[in-house]
Amino acid sequence: MRQTGFTWADVPAPWRRCLELAWESYREGSIPVGCVVTDPSGEVVAEGRNRAFGPPGAGLAGSAVAHAEMEALSQIPPGDYPGHTLWSSLEPCFMCSAAAVHSHVGNVEFAAAD
């Protein structure tokens, strides 16, 4: 087997955190989607994971709208964020795309098409 030299440490930090959150969702029995929002310097300022099929709890947990992006975007105060990026392990659905637009986040990146 050929070694590529690519390691987990080579994955950009926002993607690593998205995938860690997706794994947490999967382990809880929910849809494995993780999401973070970074500021213009690349620092994670908000994060969320899918909790639609997890146990009911605080916030949106256990509801049909408990998507990772909704959870992350709910942590950002109203304002304009043209330099911020929403990173999701899965292409945002229509609801989450609309929430990103409404939250004024300037960029959206996703790892896999839905």
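Described in the following lines is the structure provided in the data block. By convention here, each chain's residues receive numbers from 1 onward along its written sequence. Selection of residues for local features in this predicted model requires a pLDDT of at least 70, selection of side-chain atom pairs for listing and counting requires 80 or more, and totals for whole chains, interfaces and linings are taken over all residues. Each side-chain value is worked out from all heavy atoms of the structure, with water and hydrogens disregarded.

## Observations concerning the overall build of the protein chain
When you go through the protein chain residue by residue, the secondary structure sums to three helices and four strands. Listed by position from the N terminus, the elements making up the protein chain come as α-β-β-α-β-α-β. Throughout, the radius of gyration refers to the C-alpha atoms, and the reference size of a globule is 2.2 Å times the residue count to the power 0.38. Relative to its length of 114 residues, the protein chain is compact, with a C-alpha radius of gyration of 14 Å against a globular reference of 13 Å. With the principal axes as the frame, the protein chain shows a C-alpha extent of 45 × 35 × 20 Å. Classification of residues uses two cut-offs on accessible area relative to the type maximum, computed with a 1.4 Å probe and protein chains only: under 20% is buried, over 50% is exposed, and between them is partly exposed. Put simply, the protein chain has 114 residues, and 38% of those count as buried. Computed with a 1.4 Å probe, the accessible areas rest on the Shrake-Rupley method; for each residue, only the protein chains presented here act as cover. Just so you have it, the protein chain exposes about 6700 Å², and 59% of that area is on carbon and sulfur atoms. Computed over 6 positive and 13 negative side-chain charges, the inter-centroid distance for the protein chain is 10 Å. Only DSSP runs of H or I reaching four residues or more are called helices, and only runs of E reaching two or more are called strands; each is numbered from the N terminus. For this count, His and the chain ends are skipped, Lys and Arg are scored as positive, and Asp and Glu as negative. Charge placement uses NZ in Lys and CZ in Arg. For Asp and Glu, CG and CD serve respectively.

## Things to note about the nonpolar core
By nonpolar core we mean a set of buried residues, namely Ala, Val, Leu, Ile, Met, Phe, Trp, Tyr and Cys, connected to one another through side-chain atoms within 4.5 Å. Ranked by internal contacts, the top residues of the largest apolar core, which has 13 residues, are C35, V37, L73, I76 and L86. A per-element tally of this core places helix 2 (residues 68-73) first, with three residues. In this description, contact between two residues means that some pair of their heavy atoms is separated by no more than 4.5 Å. When near neighbours in sequence (up to four residues on either side) are disregarded, L86 contacts C35, V36, V37, E69, L73, P92, V105, N107, V108 and E109. Of all hydrophobic cores here, the second largest spans six residues; its members include V11, W15, C18 and V36.

## Side note on helix 3 (residues 94-102)
Considered for burial, the residues of helix 3 that qualify are C96, A99 and A100. Each buried residue of helix 3 sits inside an arc of 100 degrees when the element is viewed along its axis, so together they form one side. Residues of helix 3 that are exposed and angled more than 90 degrees away from the buried face: F94, V101 and H102. At its buried positions, helix 3 is contacted by helix 2 and strand 4 (105-110). Positive backbone phi, at 65 degrees, marks H104, one or two positions downstream of helix 3. What the arc measures is the spread of directions leading from the helix axis to the C-beta atoms.

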